[in-house]
Amino acid sequence: ILPSFPSSLPSAIKNAWLSNRQSAALSIPSQLCREVTTLPPTGNSGGGGEVKERFVWRTDLLQSERHWKGWFEGMTDAILDLKPPKVLALAGRDRMAKDDKLTVAQMQGKFQMVFVPKSGHSIQEDKPEELAGVMEKFAQRILQMLRFNSRPTSTQSDRV
């Protein structure tokens, strides 16, 4: 519960959802609902009561907490079973749960892990240029691999 819209921005930044104030100013408003309450009149004035306004989150994420574990069970295996090359971009503030299988796979080169420093949980909003750079370098590396793998071998070129 936030007393005003502007107070939601520091809350979002403090809690590491976002670190980019400009991005927060654009994305946070759609996640809030304005609640207006009229308090009963006090005294014998006969006039209306005081009007109170506050902002609440549109979605109460804590109501879905019981499902969180199920969303992530088996995710590591599902990711590692994918054949295409992979990159995992993590915010500098994100804390990965201890996942030995994922750690070993990363050390074996089964995917690339990149940390984007000074970013909140929403990397694409906080550091869009840096994330785009990570994706561009990854795509360039994949293209190099494809070019290298599609070169004819000496045996193939001798037959032609």
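One can find the structure itself at the top, above this paragraph.
Reading the values: the criteria
Residues numbered from 1 in each chain as written. Predicted model: local features only at pLDDT ≥ 70, side-chain atom pairs only at ≥ 80, totals over all residues. Heavy atoms only, no water. Helix = DSSP H or I, 4+ residues; strand = E, 2+ residues; numbered from the N terminus. Contact = heavy atoms within 4.5 Å. Areas by Shrake-Rupley, 256 points an atom, 1.4 Å probe, with all protein chains shown as cover. Buried < 20%, exposed > 50% of the residue type's maximum accessible area, 1.4 Å probe, protein only. Expected span 1.5 Å × (residues − 1). Arc of directions from axis to C-beta. Lys, Arg positive; Asp, Glu negative; His and termini not counted. Salt bridge = Lys/Arg side-chain N within 4 Å of Asp/Glu carboxyl O.

Draft legend 1. Molecular detail of the overall build of the chain. Assigned secondary structure in the chain consists of 8 helices and 4 strands. For the chain, the sequential pattern of α-helices and β-strands runs α-α-β-β-α-α-β-α-β-α-α-α. Look at the contacts in the chain between residues 6 or more apart in sequence, and 56% of them connect residues 24 or more apart. By element, 57% of the accessible surface of the chain is carried by carbon and sulfur atoms, the whole surface being about 12200 Å².

Draft legend 2. Broad picture of unusual backbone geometry. Its identity is not glycine, yet Lys118 carries a phi of approximately 55°, on the positive side. Within the element layout of this structure, Lys118 appears in the loop between β4 (112–116) and α6 (123–126). Judged by relative accessible area, Lys118 falls into the exposed class, the value being 69%.

Draft legend 3. Structural detail: helix α7 (residues 128–149). With 22 residues, α7 ought to run about 32 Å at 1.5 Å a step, and its terminal C-alpha atoms sit 31 Å apart, in line with that. Among the residues of α7, those classed as buried are Leu131, Val134, Phe138 and Ile142. Projected down its long axis, α7 carries its buried residues within an arc of 70°, all on one side. The exposed set on the far side of α7, more than 90 degrees from its buried face, consists of Glu129, Lys137, Gln144, Arg147 and Phe148. If you follow the buried residues of α7, they end up packed against β3 (87–91), β4 and α6.

Draft legend 4. Quick look at the environment of Leu82. With respect to the element layout, Leu82 can be found in the loop between α4 (75–81) and β3. On the accessibility criterion, Leu82 (48% relative accessible area) is partly exposed. Sequence spacing of Leu82 and Lys110 is 28 residues, and the spatial spacing of their C-alpha atoms is 10.0 Å.

Draft legend 5. Molecular detail of the side chain of Thr76. Considering the arrangement of structural elements, one finds Thr76 in helix α4. Discounting residues that sit within four places of it in the chain, Thr76 has contacts with Asp99, Lys101 and Leu102.

Draft legend 6. Focus on the side chain of Lys86. Relative to the helices and strands, Lys86 resides in the loop between α4 and β3. Asp81 is the oppositely charged side chain nearest to the buried, salt-bridge-free Lys86, at an N-O distance of 8.4 Å. Not counting chain neighbours up to four residues away, the residues in contact with Lys86 comprise Ile79, Leu80, Lys110, Phe111, Gln112 and Phe138.

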